Amino acid sequence: MPSIALRAVLFCFLLALAASCAKAPLTQRSQFIVLPESQTVAMGLEAAQQVKETEPLSSDPALTGRVRRVGERIAAQTGRDYEWEFNVIDEDVPNAFALPGGKVFVYRGLLGMTDSDDELAVVIGHEIAHAMARHGAERMSVQLGTALAGEAAGVAIGLESPAMAQVFASAYGMASQVGVILPYSRTQEYEADYIGLILMAQAGYDPGAALVFWRKMMQLDKGSAPPAWLSTHPPSQDRLIELQKDLPVIKGKYYHRNQND
Ligand SMILES: [Zn+2]
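Just so it is clear, the model here is predicted, and its values are computed rather than measured. (Residues numbered from 1 in each chain as written. Predicted model: local features only at pLDDT ≥ 70, side-chain atom pairs only at ≥ 80, totals over all residues. Heavy atoms only, no water.)

A.B. asks: What's the story with the packing of aromatic side chains in this structure? I'm lost.
C.D. replies: For any pair of aromatic rings, the description rests on two quantities: the centre-to-centre distance and the angle between the ring planes. All chains considered together, the criterion is met by 5 aromatic pairs. Ring geometry for Phe 97 and Phe 105: centres 5.2 Å apart, planes at 25 degrees, overall stacked. Taking the relative accessible area as the measure of exposure, Phe 105 reaches 1% and is therefore buried. Each residue in the set Tyr 82, Trp 84 and Phe 86 is aromatic and connected to the rest through ring pairs, giving one cluster. If you follow Arg 239 out to its NZ or CZ, it ends over the ring of Trp 214, 4.3 Å from the centre. (Phe/Tyr/Trp six-rings, centres within 6.5 Å; stacked < 30°, edge-to-face > 60°. Buried < 20%, exposed > 50% of the residue type's maximum accessible area, 1.4 Å probe, protein only. Lys NZ or Arg CZ within 6 Å of the ring centre and 35° of its normal.)

A.B. asks: Could you clarify how one ought to interpret helix H9 (residues 209-221) in this entry?
C.D. replies: Every α-helical turn comprises 3.6 residues, leaving residues that sit three or four positions apart pointing alike. An ideal rise of 1.5 Å per residue puts 18 Å on 13 residues; H9 measures up with 18 Å between its terminal C-alpha atoms. When we look at burial in H9, the residues that qualify are Ala 209, Ala 210, Leu 211, Phe 213, Trp 214, Met 217 and Met 218. (Helix = DSSP H or I, 4+ residues; strand = E, 2+ residues; numbered from the N terminus. Expected span 1.5 Å × (residues − 1).)

A.B. asks: Looking at this model, I keep getting lost on the sheet that holds strand S3 (residues 103-107). Mind explaining?
C.D. replies: Adjacent strands of a sheet form backbone hydrogen bonds with each other and so pair up, either parallel or antiparallel. Taken together, 3 strands build an open sheet; the order of strands is S1-S3-S2 and the sheet is mixed. Edge positions in the sheet fall to strand S1 (85-89) and strand S2 (96-99), since each has one partner strand and no second. With direction set aside, neighbouring strand axes in the sheet form an average angle of 15 degrees. Alignment of S1 against S3, held across 5 bridges, turns out to be parallel. By the bridge assignment, Glu 85 is partnered in S3 with Lys 103. Its contacts with the sheet place helix H3 (residues 61-75) against S1 and S3, and it is angled at close to 150 degrees to S1. Strands S1, S2 and S3 of the sheet are contacted by helix H5 (residues 117-132), whose axis makes an angle of about 25 degrees with S2. (Pairing = 2+ DSSP bridges. Axes fitted to C-alpha atoms, helices over the stretch in contact; angles between N-to-C directions. Contact = heavy atoms within 4.5 Å.)

Set out below in C-alpha cells:
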C-alpha cells in the first residue's frame, strides 16, 4: 500500500494528465477537467430535479413552446448527444442557466426582455455553449484540484492530516453541491459568447442580435437594481468589443438565414 504522500503525488500526476487532454469545442482552448462526463451529467440531472421541485415551472404553452423551439434548434448544432431539455421558470426574474448535461432554464423575466427569437437565441446559445464546453466540470475540477493540492502540501510537510479519501469526499461533496452553480470565469464567459454566436448562426438565427441584446442589457445594468443574470454576465465594454470583433467573421462563415426558415 503506497503512502498517503505517494498516492497524493500519483493523484496529482493523473490530474495533470487528464488536464492535458481536454479541449474546448470550436476554440480548442486547453481545459483542466478531471471529472468524468458521466459523473457531471448525473450531477446536472440531480440538480435539474431539485430545480423542478423547488421552482415554479411555467405551463404556458406560448412561453415554453418558444424556448423549446429556439433551444432545440440551437442544441442540434452542438453534436452533443445530451438529453437537452428547456424549461421556463415562472418568475419575473431576469435570469437563465444551463446545468451540466444540457438542462437549460430560462426565467420568464429574462424571456420578456428578448424582443425577437434572434435575441432569445443569444441567451440560449450562450447557455448551451456553457454546457457544450463543459464549463461547469472545468470549474469543479479547479476546485477539486485546489483542495487536493492543499492536502498534498499538508502531507508533504508531515502534518497528520485526515485520510485522502475523506478529503476527496468532502472536496467532491462541496463541488457537487455548489459546483453546478459556480460562477464561470471571464475566459469561460467570452468563450460561451463566441461558441453561442456560432451555434445560433448555424441554427439560422442572426448573430447580429447579440449586439442589440447586450447593449440593451448594458442600459439595465446602469439602473438601480441590475438583473440577476447580469451579476454573472456583466455587459461590459470589453464584452461588446469582443463581440464586435467576432461577429463579421462568424456571420460570414456560419449564418444563412434561409436555411431553416
Ligand atoms: Zn455565462
